[in-house]
Amino acid sequence: MLIIPVKDGENIDRALKRYKRKFDRTKTMKNLRNRKQFNKPSVVNRAQNIKAQYVQRLRTAEEQG
């Protein structure tokens, strides 16, 4: 459970923004979506490799201009 202390006189929008940021950083929704269905380890590894290749291509293209 996330606890966000709200200070006296603090704007509720600011506290809500802090809550949302903290919620995103804990990766709660990402974990829930990953647990919703089982993925074989080989499929997960393949997706990671494809993503790594894509990022590498972007970086080399950026270096070359």
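Being a predicted model, the structure only gives us computed values, none of them experimental.

What counts, and at which threshold
- Residues numbered from 1 in each chain as written.
- Predicted model: local features only at pLDDT ≥ 70, side-chain atom pairs only at ≥ 80, totals over all residues.
- Heavy atoms only, no water.
- Phe/Tyr/Trp six-rings, centres within 6.5 Å; stacked < 30°, edge-to-face > 60°.
- Helix = DSSP H or I, 4+ residues; strand = E, 2+ residues; numbered from the N terminus.
- Buried < 20%, exposed > 50% of the residue type's maximum accessible area, 1.4 Å probe, protein only.
- Expected span 1.5 Å × (residues − 1).

Time to look at the packing of aromatic side chains. By the definition in use, this model includes one aromatic pair. Relative to Phe-23, the ring of Tyr-19 has its centre 6.1 Å away and its plane inclined at 25°; by these criteria the two rings are stacked. Residue Tyr-19 and its partner Phe-23 are located together in helix α1 (residues 12-25), separated by four residues, close to a single helical turn. Residue classification places Phe-23 among the partly exposed residues on the basis of a relative accessible area of 24%.

This brings us to helix α3 (residues 41-64). With 24 residues, α3 should reach 34 Å at 1.5 Å per residue; the first-to-last C-alpha distance of 35 Å fits that figure. Looking one or two residues beyond α3, the residue adopting positive phi is Gly-65, at roughly 100°.

On the secondary structure map, Lys-30 appears in helix α2 (residues 28-36). Counting along the chain gives 35 residues from Lys-30 to Gly-65, while the straight-line C-alpha distance between them is 34 Å.

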